[in-house]
Amino acid sequence: MAQESSSDIVQCPVCLRDFKAADINSHLDNCLLQAEVNEQEPESESSGEPPRKKQCTAEPCPAMSSWGAKEGSGAPSTSVFSLFQKGKPGTTGASDAPGFFSSKRTTFEKSEEAGHFANNHKWGKRSAPGVDVSGDQLRSKPAQDGLATLGTQTREKLYDSKPLAEKMRPCTLDDYFGQNKVLGENTLLRSLLETQDIPSLMLWGPPGCGKTTLAHIIATNSKKSGNSRFVTLSATSTSTSEVREVIKQAQNELKLFKRKTILFIDEIHRFNKSQQDTFLPHVECGTITLIGATTENPSFQVNAALLSRCRVIVLEKLSVEAMESILARALDSLGIQVLEQEGDDSASIRDISGSSEPSIYIEQKALSTIAHLCDGDARAGLNGLQLAVQSRLSAARLGQLKQVIVQEDHIKEGLQRSHILYDKAGEEHYNCISALHKSMRGSDENAALYWLGRMLEGGEDPLYVARRLVRFASEDVGLADPMALTHAVAAFQGCHFIGMPECEVLLAQCAVYLARAPKSIEVYSAYNRVKECLKSHKGPLPPVPLHLRNAPTKLMKSLGYAKGYKYNPSFTEPVEQDYLPEEMKGTNFFQRKPNNF
Ligand SMILES: Nc1ncnc2c1ncn2[C@@H]1O[C@H](COP(=O)(O)OP(=O)(O)OP(=O)(O)O)[C@@H](O)[C@H]1O
Ligand SMILES: [Zn+2]
């Protein structure tokens, strides 16, 4: 690498080495030629070649180059810089690193062949190819299109190491379901995408709702149009110096080829603020179009300056309907057929696959269960389906069965730990505790229990909840029922002794007690007024009145400490005595408007 940072030095976008501007063109010719030769060579995945070389040879997804995928060698930049590469179907990615784009597209193309169908396609309405569902009886008819290959296709998709959700990641908006608020007809974002006019975006939404997928679709589009390139980074595995290198490449691209770089950063909230700062000037001047994805509220987690340069797109949990469409697409691609009726035994369905593999059917009820149970997370839904089918298939093989029917119970096993969306460290944590607090304040014991359950079942620390109950007992119940505090502290200690799951009932009991308790914020408000009074006080604080001071020494006594103090127990009559400083005489913190402030 050249040390001097002369503007005459440019970086070769293929091999990333620095060259004098005058030499770059002749170097590029050679470099491109070399890249092409490499491309025709067989894969050298495990040959221990330096990663640089691999960069030039493998392009897993024609739409994307992946970055930040750390390989065993620990080489700093293992990007797959795919500018000059032609799509090479069938190749695997440069590594099995987490970069999701590696080799996904290749696999996905196969699944598209198996059954591509239009938006809003519902499994409920359609009879599965090959099976004619009429009346109570299931009749088989000859296999059509995708089904002919059911045996091998299904097996491949179900058993290769990649999760089904990854394999099903759509490449076009037609296969992107739900999210109509931001992507429906006539929305701004949709028209921007259609005109290839992509602004910097911040995609915010819960896990598995399609943030990465949307970026993937944008990438595919922009690749087609040829006027921009797409690079992806994951904030969890990318260092600042790697970010700088990406930016440098982007600048070279713009300078040499007038091509913009779209930079996708997954989990952008994991970058610290100064790392986020690195992008700022380059987003500002248009060298890069940034697409960030985050599950966290970007107003807390993303630099304000960066945020103001991005359009924030709020994606939602996928609806049950959207999930149904996503599952239907997966079933089509797997060649799995839906049985509209429950309880059809496999004997009534003829084996139509014509292969040695068992045919697979799934009951509609089972499908509906997935769509409902996955809580709007398509990844959880698809992978739950995969797991259920895999396990049925294994069982069928053992028993040498010809057919497999996946039923509701199998799905429930697949999605065993009922999937509850709860992010302990993030927004959801604060949203839920706030909802619990407000439900108790509103004396809604029912809702209080619900929010408590959402947190505990989602894995929240019971002591965190218990601490909040203790606080509530004083802040909101206060002296209307002083026992509340005792209860809450006892619940806290109980949780401390016994832990989850036994302590859940302690918290439930306490939450209901607090919800039912009478409420008083008298003390809480009065104390707030005291704080306010102290904060707004101008000048030195008034001295403690002498008569209220203790006088342990002679000197202090001679200075007038304790003089005139009336010791209450010595009096039978009520004692007249001031306890506030002179200048605050008459102030009452228990009244709505104390006179002095
Ligand atoms: N709207 C959608 N339409 C079709 N498929 C989807 C959609 N959203 C998600 N999927 C499917 O779910 C998988 C996971 O989605 P994706 O990776 O886009 O989620 P994400 O929002 O980026 O989640 P995370 O924050 O966990 O990374 C995709 O591979 C795809 O198969
Ligand atoms: Zn080069």
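Rules of the game
Residues numbered from 1 in each chain as written. Chains lettered and ligands numbered in written order. Predicted model: local features only at pLDDT ≥ 70, side-chain atom pairs only at ≥ 80, totals over all residues. Helix = DSSP H or I, 4+ residues; strand = E, 2+ residues; numbered from the N terminus. Contact = placed C-beta atoms within 7 Å. pLDDT = per-residue confidence, 0-100. Axes fitted to C-alpha atoms, helices over the stretch in contact; angles between N-to-C directions. Parallel < 35°, antiparallel > 145°, perpendicular 65-115°, else oblique. Left-handed = near helix turned anticlockwise from the far one by under 90°. Near = placed C-beta within 6 Å. Domains from an automatic or database assignment. Nonpolar A, V, L, I, M, F, W, Y, C, P; charged D, E, K, R; others polar. Buried ≥ 20, exposed ≤ 12 C-beta atoms within 10 Å, placed from the backbone. Pairing = 2+ DSSP bridges. Core = buried A, V, L, I, M, F, W, Y, C linked by C-beta atoms within 7 Å. Expected span 1.5 Å × (residues − 1).

Quick look at the overall build of the protein chain
Within the protein chain one finds 23 helices and 13 strands. Contacts in the protein chain between residues far apart in sequence, at least 24 positions, make up 74% of those at least 6 positions apart.

Overview of the confidence of the model for the protein chain
Keep in mind that low pLDDT regions are not for reading the predicted coordinates in detail. Of all residues in the protein chain, 71% attain a pLDDT of 70 or more, and the chain-wide mean is 75. Across the protein chain, the element-wise mean pLDDT spans from 30 in strand β5 (residues 137–140) up to 97 in helix α21 (residues 504–516). Per-residue pLDDT stays below 50 along residues 38–150; that stretch engages in 206 contacts with residues further than four places along the chain or on separate chains. A low-confidence stretch, residues 346–353 (pLDDT under 50), is modelled with 22 contacts involving residues beyond four sequence positions or located in other chains. Scoring the predicted complex yields pTM 0.56 and, for the interface, ipTM 0.95.

A look at the packing of helix α13 (residues 320–334) against helix α15 (residues 378–398)
Between α13 and α15, whose axes approach to 10 Å, the crossing angle comes to 40°. Classified by the angle their axes make, α13 and α15 are oblique. The two elements α13 and α15 cross, and the hand of that crossing is right-handed. Each of Met323, Ile326, Leu327 and Ala330 in α13 lies in contact with α15, whose residues at this interface are Ala378, Gly381, Leu382 and Leu385.

Here's the deal with the site of ligand 1
Around ligand 1 sit 24 residues in total, of which Pro207, Gly210, Thr212, Thr213 and Ala378 are the nearest. Inspection of the shell around ligand 1 shows a minimum of three residues originating in each of domain 1 (59–107 + 170–314) and domain 2 (118–168 + 318–414).

Concerning unusual backbone geometry
Although it is not a glycine, Gln179 sits at a positive phi angle of roughly 55°. Mapped onto the elements, Gln179 comes out in the loop between α5 (164–167) and α6 (180–183). Within the chain, Glu267 stands out as a residue other than glycine whose phi angle is a positive 50°. Along the polypeptide, Glu267 turns up in the loop between β8 (260–266) and α10 (273–284).

Considerations on the packing of helix α9 (residues 240–257) against α10
For any two helices packed against each other, one specifies the crossing angle of their axes together with the interaxial distance. Relative orientation of the contacting elements α9 and α10 amounts to 10°, with a least axis distance of 10 Å. By the angle between their axes, α9 is roughly parallel relative to α10. Residues Thr240, Val243, Arg244, Ile247 and Ala250 of α9 form the contact with α10, whose participating residues are Gln275, Thr278 and His282. The residue inventory of the contact of α9 with α10, partitioned by class, reads three nonpolar, four polar and one charged.

Focus on the environment of Lys167
The topology assignment puts Lys167 in helix α5. Taking the C-alpha atoms as reference points, Lys167 and Ala330, 163 residues apart in sequence, are found 9.2 Å from one another.

Some points on the pairing of strand β6 (residues 201–204)
Along β6, one buried face is formed by Leu201 and Leu203 and the opposite face, lined by Met202 and Trp204, is buried too. Relative to strand β9 (residues 288–294), β6 runs parallel, the two being bridged by four bridges. Counted as the bridge partner of Trp204 is Thr294 from β9. In the sheet, β6 pairs with strand β10 (residues 311–314) via four bridges, with the strands oriented parallel. Counted as the bridge partner of Leu201 is Arg311 from β10.

Structural notes on the sheet that holds strand β12 (residues 359–363)
Within the open sheet, the three strands sit side by side as β11-β12-β13. Their pairing is parallel. The open sheet is flanked by β11 (337–339) and β13 (403–406), the only strands paired with a single partner. Strand after strand, the sheet turns through a mean of 30° between neighbouring axes, direction not considered. Seen against the sheet, α15 touches β12 and β13 and runs at an angle of roughly 145° to β13.

A few points about the environment of Arg441
Turning to its location among the elements, Arg441 is positioned in helix α17 (residues 427–441). Excluding anything up to four places from it in sequence, Arg441 contacts Asp476 and Lys519.

Regarding the nonpolar core
By size, the foremost hydrophobic cluster in this structure holds 72 residues, and its most contacted members are Leu203, Leu263, Leu327, Ala330, Ile362, Ile370 and Val406. The element contributing the most residues to this core is α13, with eight residues. Built from parts of two domains, this core gets at least three residues from each of domain 1 (59–107 + 170–314) and domain 2 (118–168 + 318–414). The residues contacting Ile362, other than those within four sequence positions of it, are Leu331, Ile336, Val338, Leu339, Leu367 and Val406. By size, the runner-up hydrophobic cluster in this structure holds 28 residues, among which are Cys432, Ala488, Cys503 and Leu506.

Notes on helix α8 (residues 211–225)
Taking 1.5 Å as the rise per residue, α8 with 15 residues should run 21 Å; its terminal C-alpha atoms sit 22 Å apart, in good agreement. For α8, the tally of buried residues reaches 12 of 15 residues, placing the bulk of the element in the interior. Among the residues making up α8, those that are buried are Lys211, Thr212, Thr213, Leu214, Ala215, His216, Ile217, Ile218, Ala219, Asn221, Ser222 and Lys223. Where α8 is buried, its residues touch α7 (188–194), β6, β7 (228–234), β8 and β9. Just past α8, the residue Gly226 takes up positive phi, approximately 75°.

Concerning helix α18 (residues 445–457)
For α18, which comprises 13 residues, the first-to-last C-alpha distance of 18 Å matches the rise-based estimate of 18 Å (1.5 Å per residue) to within 8%. Two residues or fewer past α18, Gly459 is found with a positive phi of approximately 95°.

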